[in-house]
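Read off the chains here:
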Amino acid sequence: MDTSNKDLRTCSQGHKYYKSSDCPTCPICEQNSKPADGFLSMLSGPARRALEHHGINSLQILSTYSEKEILKFHGMGPASLPKLRTALQEIGLTFKE
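Residues numbered from 1 in each chain as written. Predicted model: local features only at pLDDT ≥ 70, side-chain atom pairs only at ≥ 80, totals over all residues. Heavy atoms only, no water.

(A) A look at the nonpolar core. Counting residues in hydrophobic clusters, the biggest one holds 17 residues, and the most contacted among them are F39, L51, L62, I70, M76 and L84. Listing elements by their share of this core, those giving two or more residues are α2 (45–53), α3 (59–62) and α5 (81–90). Broken down by element, the residue count for this core peaks at four residues, all from α5. With near-sequence residues (within four places) excluded, L62 lies in contact with F39, L51, I56, I70, L84, L88 and F95. (Core = buried A, V, L, I, M, F, W, Y, C linked by side-chain atoms within 4.5 Å. Buried < 20%, exposed > 50% of the residue type's maximum accessible area, 1.4 Å probe, protein only. Helix = DSSP H or I, 4+ residues; strand = E, 2+ residues; numbered from the N terminus. Contact = heavy atoms within 4.5 Å.)

Written as structure tokens, this is what we have:
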């Protein structure tokens, strides 16, 4: 791995990793915290963390938000919306209008 443009960092759990951006997320902790199933497991790390940061950890809670509100969250992009819509539809819910 080319680490010439990356800084060696150590997270609070003691994991050592290289990163070039100012993002504070440890990739090892991130991989360890990714859910194995459920709607959050279908999302990218940034999208999942955006929902978790806002306390959205169930589809019932997600359904109380509009798509526009969700897209305003840092880390959430339009590519995640189809996955979220499908997950909501599977249990008979939708985004708030």
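(B) Structural view of the confidence of the model for the chain. The share of residues in the chain with pLDDT of 70 or more is 96%, and the mean pLDDT across the chain is 90. The secondary-structure element of the chain with the lowest mean pLDDT is helix α1 (residues 27–33), recorded at 78, while α3 shows the highest, at 98. (pLDDT = per-residue confidence, 0-100.)

(C) Highlighting the pattern of salt bridges. Taken as a whole and judged by the stated rule, the model has three salt bridges. Where E52 meets R48, a salt bridge forms, and the shortest distance between an N and an O atom there is 3.6 Å. With E52 and R48 both in helix α2 and four residues apart, this pair spans about one turn of that helix. By relative accessible area, R48 is classed as buried at 1%. A salt bridge links R85 to E67; its shortest N-O distance comes to 2.8 Å. In this pair, R85 is assigned in helix α5 and E67 in helix α4 (residues 67–71), connecting sequence segments 18 residues apart. (Salt bridge = Lys/Arg side-chain N within 4 Å of Asp/Glu carboxyl O.)

(D) Spatial organisation of the pairing of strand β2 (residues 16–19). Here β2 shows one buried face, formed by Y17 and K19, and one open face, formed by K16 and Y18. Where strand β1 (residues 7–10) lies against β2, four bridges are found, and the strand directions are antiparallel. Looking across to β2, one finds that R9 is bridged to Y17. Here β1 hands over to β2 after five residues, with G14 in that stretch at a positive phi of 95°. (Pairing = 2+ DSSP bridges.)

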